[in-house]
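Results of the structural survey
Okay, here's what each chain looks like letter by letter:
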Amino acid sequence: MDSNLIQESDFLVIGSGIAGLYYALHVADHGRVTIATKLEPSESSTKYAQGGIATVLAQDDSFESHIEDTLQVGAGLCHEEVVRFTVEEGPRHIKRLMQLGVEFTTKPGSSSLDLGREGGHSHRRVVHATDLTGQEVERALLAAVSAHPNVTILDHHMAIDLLTTAPYGMENACFGAYLLDQRSGDVLTHQARVTFLATGGAGKVYLYTSNPDLATGDGIAMAYRAGAAVANMEFFQFHPTLLYHPHAKSFLISEALRGEGGVLRLRDGTEFMKGVHEMGSLAPRDVVARAIDLELKRSGAECVHLDMTHLDSDAVVARFPNIHEMCDSLGIDMRTTPIPVVPAAHYCCGGVVVDPRGASSLRNLSCAGEVTCSGLHGACRLASNSLLEALVFAARAAERDLHKEPARPPKVRPWHSGDAVDSDEAVVVTQNWEELRRFMWNYVGIVRSDKRLDRARRRIELIRDEIREYYWNFLVTGDLLELRNIALVAHLIIESARRRKESRGLHKNIDHPKSEEAYRRDTVLTHVDGPSI
Ligand SMILES: Cc1cc2nc3c(=O)[nH]c(=O)nc-3n(C[C@H](O)[C@H](O)[C@H](O)COP(=O)(O)OP(=O)(O)OC[C@H]3O[C@@H](n4cnc5c(N)ncnc54)[C@H](O)[C@@H]3O)c2cc1C
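Residues numbered from 1 in each chain as written. Predicted model: local features only at pLDDT ≥ 70, side-chain atom pairs only at ≥ 80, totals over all residues. Heavy atoms only, no water.

1. Remarks on the overall build of the protein chain
Selection criterion: Numbering goes from the N terminus for both helices and strands, where a helix is a DSSP run of H or I of at least four residues and a strand is a run of E of at least two. For this measure, only C-alpha atoms enter the radius of gyration; the expected value for a globule follows 2.2 Å times N^0.38, where N is the number of residues. Classification of residues uses two cut-offs on accessible area relative to the type maximum, computed with a 1.4 Å probe and protein chains only: under 20% is buried, over 50% is exposed, and between them is partly exposed.
What the protein chain contains, in helices and strands, is 13 helices and 20 strands. Against the compact-globule benchmark of 24 Å for 533 residues, the protein chain has a radius of gyration of 22 Å, which places it among compact chains. When the backbone C-alpha atoms are referred to their principal axes, the protein chain occupies close to 70 × 55 × 50 Å. Residues classed as buried in the protein chain amount to 62% of the 533 residues present.

This is the structure we're talking about:
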């Protein structure tokens with residue numbers, strides 16, 4: 001079956017989190033913008049961000065200090081010039097968000113912003129809207145974008161693959177994407193002068209994650225298949241404190257609780273982080289996640305506890321109303337009871353390689369946000385630097401993309417489903433999905449070894465073979481597309497981890513426990529031999 005639904009706009013934005021919406025606002029006065037997003041428009045990781053956005057606003061803080069903290073946590077792999085401009089441009093974007101209607105929390109009785117502190121930061125510099133920062137930012141951006149006459153939002157439209165010129169015998173460039181209308185099952189061929197990827201992260205590659213269900217690494221997989229370079233996929237950040245409760249799905253207990261004095265303890269009350277790092281419970285999150293992982297493996301316990309009971313209970317509830325409400329609904333009163341927590345996959349530091357203007361290595365494909373590897377985070381992300389990165393790179397990319405020339409083949413081939421039929425074997429998807437996430441957690445998780453990585457590699461290749469066969473025989477569905485993408489992302493993580501024969505930042509391999517100068521470089525992977533499942 002061929003689908004002749006061909007559409008066109010100047011800017012095709014894929015994703016409606018902070019990066020996609022902020023970019024759309026910047027280009028909307030200059031052409032027709034279409035935002036394709038796979039669920040409801042507000043559904044994104046952005047919506048769940050609690051802590052806030054790191055930026056230098058306090059009198060006693062400085063750009064140099066924020067730069068230094070970022071470089072320190074990044075363990076030798078940050079690109080210093082990227083860190084510098086990202087930090088220096090931060091305050092102006094916070095101001096812009098406020099002009100757009102974002103209501104950040106101010107100090108009691110004052111109009112100056114309340115600044116939180118998080119792990120790895122040497123000053124208070126996290127701008128927040130109580131503990132619902134992302135929700136407030138998403139609300140305001142979505143309202144502004146929706147009010148713009150040049151912007152069309154296609155919700156429940158999932159990008160399948162990027163349209164590229166190489167298959168037409170031209171120099172490779174991107175000119176849009178195939179979009180699956182998840183309600184009708186139609187596939188649109190959407191052409192655009194510039195395509196902007198803002199599809200977020202890939203936490204669903206692991207069994208336990210703080211990420212919402214949409215985080216299946218679609219953008220990374222699409223860009224890689226289209227020929228764009230992808231880097232540093234071995235650096236996956238595990239958040240130390242996901243709420244541990246059978247009825248809580250992916251609910252994060254923000255690092256800001258430890259910033260306000262929360263202390264991690266074992267069941268018997270031992271403050272185990274004291275002996276691990278000079279900053280104790282407020283150590284950088286990879287250090288904390290590994291320490292918890294070790295304690296859990298050592299003791300066989302199911303969780304550790306985050307204790308807020310020694311703090312002023314009114315202040316705790318005022319600062320963290322959302323977290324308090326969630327815990328309370330599960331019978332955990334954080335004013336009197338330590339919160340049970342476990343580590344979980346949280347943030348993908350690697351992604352599509354972009355230059356300082358958000359351009360990928362594929363012409364006319366720009367990207368920002370968690371889908372990218374910009375050089376800001378290096379081997380480990382400093383808390384609350386990701387929303388900042390998304391703002392800075394979306395704005396920079398928009399500025400440059402206004403003047404891009406289109407690249408387009410003379411006659412575009414629409415989507416072709418061939419002889420594919422409706423699948424009667426959906427079990428292939430669920431089986432592979434569960435298996436993949438479990439072995440990624442066990443073999444390619446917080447602590448790795450050569451043997452475990454080899455095992456993971458054998459398994460992922462089997463799964464990818466099975467998906468390849470299945471993919472061409474059945475009509476595409478959202479679930480199948482996500483499985484195909486997450487399997488490719490798993491392959492990229494495993495491959496990158498196998499190449500890095502050292503331990504650095506978020507990548508810990510017990511067979512190579514030290515950092516080596518020879519590996520002080522990005523791990524860049526590029527796919528050059530045509531389409532890949
Ligand atoms: C629980 C939680 C708390 C966090 N707290 C903080 C914090 O306090 N501070 C901070 O700096 N960072 C935080 N982060 C990280 C931060 O929220 C994310 O890195 C950031 O929001 C990513 O923004 P984004 O625009 O790149 O992607 P997202 O906000 O994830 O948006 C991605 C968009 O792409 C769409 N999409 C995905 N695939 C497709 C496809 N194939 N086709 C069409 N659309 C697609 C999605 O539906 C979504 O709209 C947190 C993350 C989580 C999960």
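2. Re the side chain of Gln50
Put simply, the rule is: Pairs of N or O atoms within 3.5 Å make up the polar contacts considered here, provided that, within protein, one atom can donate a hydrogen while the other can accept it, and that residues adjacent in sequence are counted only when both atoms are side-chain atoms. The contact rule is simple, with two residues in contact once any of their heavy atoms fall within 4.5 Å.
Mapped onto the secondary structure, Gln50 falls in the loop between strand 3 (33-36) and strand 4 (53-54). Within the local environment of Gln50, its side chain forms a polar contact with the backbone oxygen of Leu252, the two atoms lying 2.9 Å apart. Discounting chain neighbours no more than four positions away, the residues touching Gln50 are Thr130, Asp131, Leu132, Thr133, Phe251, Leu252, Ile253, Ser254, Asn322 and Ile323.

3. Let's talk about helix 5 (residues 218-226)
Residues spaced three or four apart along an α-helix point in a common direction, a consequence of the helix completing one turn every 3.6 residues. Of all 9 residues making up helix 5, 9 are buried, and the element is well covered by its neighbours. Looking at helix 5, one finds that the buried residues are Asp218, Gly219, Ile220, Ala221, Met222, Ala223, Tyr224, Arg225 and Ala226. Of the residues one or two after helix 5, Gly227 is the one with positive phi, at around 110°.

4. A short note on the pairing of strand 15 (residues 339-348)
As a reminder of what qualifies: When DSSP finds at least two bridges between two strands, those strands are taken to pair.
Across the 10 residues that make up strand 15, a large majority, 10, are buried. Taken together, the 6 bridges between strand 12 (residues 236-243) and strand 15 define a ladder with antiparallel strand orientation. When the bridges of strand 15 are listed, His239 appears paired with Ala344.

5. Focus: the site of the ligand
Keep this limit in mind: Near residues are defined by distance, with any heavy atom within 4 Å of the molecule or strand qualifying the residue. Every accessible area reported is derived by Shrake-Rupley at a probe size of 1.4 Å, with residue values counting cover from the shown protein chains alone.
Not every one of the 38 residues close to the ligand is listed here, only the nearest: Thr46, Gly52, Asp218, Glu370 and Ser386. At 3.0 Å from an oxygen atom of the ligand is found a side-chain nitrogen or oxygen belonging to Thr37. A distance of 3.1 Å separates a nitrogen atom of the ligand from a polar atom in the backbone of Lys38. About the coverage of the ligand: the protein hides 98% of its 1,000 Å² of free accessible area. Listing elements by their share of the shell around the ligand, those giving two or more residues are helix 1 (18-27), strand 8 (157-164), strand 15 and helix 10 (385-401).

6. Focus on helix 2 (residues 63-73)
All of the buried residues in helix 2 are Ser65, His66, Ile67, Asp69, Thr70 and Val73. Buried-residue contacts for helix 2 involve strand 4, helix 3 (80-99) and helix 10. Backbone geometry just after helix 2 places Ala75 at a positive phi near 55°.

7. What about the environment of Arg285?
With respect to the secondary-structure elements, Arg285 resides in helix 7 (residues 285-299). Separated by 48 residues in the primary sequence, Arg285 and Gln237 place their C-alpha atoms 8.1 Å from one another. Filtering out sequence-adjacent residues up to four positions away, Arg285 remains in contact with Glu118, Gln237, Phe238, His239, Pro240, Glu255, His346, Arg381 and Ala383.

8. What to know about the pattern of salt bridges
This is how the line gets drawn: In what follows, salt bridge is the name for a side-chain nitrogen of Lys or Arg lying within 4 Å of a carboxyl oxygen of Asp or Glu.
Counted according to the given criterion, the structure contains 39 salt bridges. Put simply, Asp10 and Arg32 hold a salt bridge, and the shortest N to O gap is 3.5 Å. Of this pair, Asp10 sits in strand 2 (residues 5-14) while Arg32 sits in the loop between helix 1 and strand 3, placing them 22 residues apart in sequence. Its relative accessible area of 18% is what places Asp10 among the buried residues. Owing to a relative accessible area of 45%, Arg32 belongs among the partly exposed residues under this scheme. Ionic pairing is found between Asp213 and Lys204, a salt bridge with its closest N-O pair at 2.8 Å.

9. Describing the packing of helix 1 against helix 10
Rule in force here: Every angle, taken between N-to-C directions, lies between 0 and 180 degrees, and every axis is a line fitted to C-alpha atoms, over only the stretch in contact when it is a helix. In these notes the angle categories are as follows: under 35 degrees is roughly parallel, over 145 is roughly antiparallel, 65 to 115 is roughly perpendicular, and the rest is oblique. Less than a right angle of anticlockwise turn of the near helix away from the far helix marks a crossing as left-handed, whereas a clockwise turn marks it as right-handed. When residue character is reported, Ala, Val, Leu, Ile, Met, Phe, Trp, Tyr, Cys and Pro are called nonpolar, Asp, Glu, Lys and Arg charged, and the others, Gly included, polar.
Relative orientation of the contacting elements helix 1 and helix 10 amounts to 30°, with a least axis distance of 8 Å. The angle between helix 1 and helix 10 places the two elements in the roughly parallel class. You can see that helix 1 and helix 10 cross each other, and the crossing is right-handed. Seen from helix 1, the contacting residues are Ile18, Ala19, Tyr22, Tyr23, His26 and Val27; seen from helix 10, they are Leu387, Ala390, Leu391, Ala394, Ala395, Ala397, Ala398 and Asp401. Taken together, the residues of the contact of helix 1 with helix 10 break down into 12 nonpolar, 1 polar and 1 charged.

10. What to know about the environment of Leu264
On the secondary structure map, Leu264 appears in strand 13 (residues 263-265). Overall, the relative accessible area of 0% leaves Leu264 in the buried class. Placed 28 residues apart in sequence, Leu264 and Ile292 show a C-alpha to C-alpha distance of 9.2 Å.

11. Some remarks on the nonpolar core
A general feature of soluble globular proteins is that nonpolar side chains tend to end up buried together. So the rule is basically this: In this text, buried Ala, Val, Leu, Ile, Met, Phe, Trp, Tyr and Cys residues form a nonpolar core when linked through side-chain atoms within 4.5 Å.
By size, the foremost hydrophobic cluster in this structure holds 128 residues, and its most contacted members are Tyr23, Tyr206, Leu436 and Met440. Looking at this core, the element that brings in the most residues is helix 13 (residues 478-499), giving 12 residues. For Tyr206, the contacting residues outside a window of four places in its chain are Phe236, Phe238, Ala345, Arg437, Met440, Trp441, Val444, Gly445, Arg448 and Ile493. Ile253, Leu264, Leu306 and Met308 belong to the second largest nonpolar core, which has 32 residues in total.

12. Notes on the sheet that holds strand 14 (residues 304-307)
Ordered in space as 12-15-14-13, the 4 strands form an open sheet in which the pairing is antiparallel. Each having just a single partner strand, strand 12 and strand 13 make up the two edges of the open sheet. Direction aside, neighbouring strands of the sheet carry axes that sit 45° apart on average. Of the strands in this sheet, strand 12, strand 13, strand 14 and strand 15 are in contact with helix 7, which crosses strand 12 at around 65°.

13. Brief notes about the side chain of Thr216
You can see Thr216 is positioned in the loop between strand 10 (187-197) and helix 5. Thr216 sits in the buried class, given a relative accessible area of 0%.

14. Quick word on the sheet that holds strand 20 (residues 524-525)
Strand order in the open sheet made by the 4 strands is 18-16-11-20, with mixed pairing throughout. Each having just a single partner strand, strand 18 (372-373) and strand 20 make up the two edges of the open sheet. Pairing of strand 16 (residues 351-353) with strand 18, which is carried by 2 bridges, proceeds in the parallel orientation. Bridging from a neighbouring strand, Val352 pairs with Thr372 of strand 18. The sheet contacts of helix 5 involve strand 11 (230-231), strand 16 and strand 20, and relative to strand 16 the element is tilted by about 45°.

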